[in-house]
Amino acid sequence: MTTNPTEHATDIESALITFLESKTRGSWDADVDLFSQGGLSSMFAMELVVHLESTYGVSIRGGDLKLDNFRTVRTMADLVRRLRGGESA
């Protein structure tokens, strides 16, 4: 599903939380460090990259593949917005 380029970061955050909760069967907030709380493994992180690319029509490459861009739902939403040419939340 490709979303509207003007979609707000909070909309992206909500969708990402829903995706994460369905995959991890846990409950997540936008600012929780997913790695330190056991929400993401390196394998699931790669699945998440594919999900972000296919859902939001972005290409995550090179320097954008750093851990800090995937640490929280909020940082992932900001990454998507930046790659789509929008401003961060």
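Residues numbered from 1 in each chain as written. Predicted model: local features only at pLDDT ≥ 70, side-chain atom pairs only at ≥ 80, totals over all residues. Heavy atoms only, no water.

Moving on: unusual backbone geometry. Its identity as a non-glycine residue notwithstanding, Arg 25 has a phi of 60 degrees, on the positive side. Of note, Arg 25 is situated in the loop between α1 (9-24) and α2 (42-56). A residue is classified by how much of its surface remains accessible, and Arg 25, at 78% relative accessible area, is exposed. (Helix = DSSP H or I, 4+ residues; strand = E, 2+ residues; numbered from the N terminus. Buried < 20%, exposed > 50% of the residue type's maximum accessible area, 1.4 Å probe, protein only.)

A word on the nonpolar core. By size, the foremost hydrophobic cluster in this structure holds 22 residues, and its most contacted members are Leu 20, Leu 52, Val 73 and Met 76. Elements supplying a minimum of two residues to this core: α1, α2 and α3 (73-83). Not counting the four nearest positions on each side in its chain, Leu 52 is found in contact with Leu 16, Gly 57, Val 58, Ile 60, Phe 70, Met 76 and Val 80. (Core = buried A, V, L, I, M, F, W, Y, C linked by side-chain atoms within 4.5 Å. Contact = heavy atoms within 4.5 Å.)

Here we take up the side chain of His 51. Its location among the elements puts His 51 in helix α2. Beyond its immediate sequence surroundings of up to four residues, His 51 is in contact with Leu 16, Phe 19 and Tyr 56.

With that settled, consider the pattern of salt bridges. Applying the stated criterion across every chain yields a total of seven salt bridges. The salt bridge partner of Asp 31 is Arg 74, with a shortest N-O separation of 2.5 Å. Of this pair, Asp 31 sits in the loop between α1 and α2 while Arg 74 sits in helix α3, and the two are 43 residues apart along the sequence. Where Arg 71 meets Asp 68, a salt bridge forms, and the shortest distance between an N and an O atom there is 3.3 Å. Since its relative accessible area comes to 24%, Arg 71 is described here as partly exposed. When its relative accessible area of 48% is taken as the criterion, Asp 68 is described as partly exposed. Each of Glu 13, Asp 31 and Arg 74 takes part in salt bridges that share partners, so that together they form one network. (Salt bridge = Lys/Arg side-chain N within 4 Å of Asp/Glu carboxyl O.)

On to the confidence of the model for the chain, then. In the predicted model, the chain carries a mean pLDDT of 86, and the fraction of residues at 70 or more is 85%. Taking the mean pLDDT of every element in the chain, the minimum, 91, falls on α1 and the maximum, 96, on α3. Predicted confidence is poor over residues 1-6, with pLDDT under 50, and the contacts of this stretch with residues over four places away or in other chains come to 11 contacts. (pLDDT = per-residue confidence, 0-100.)

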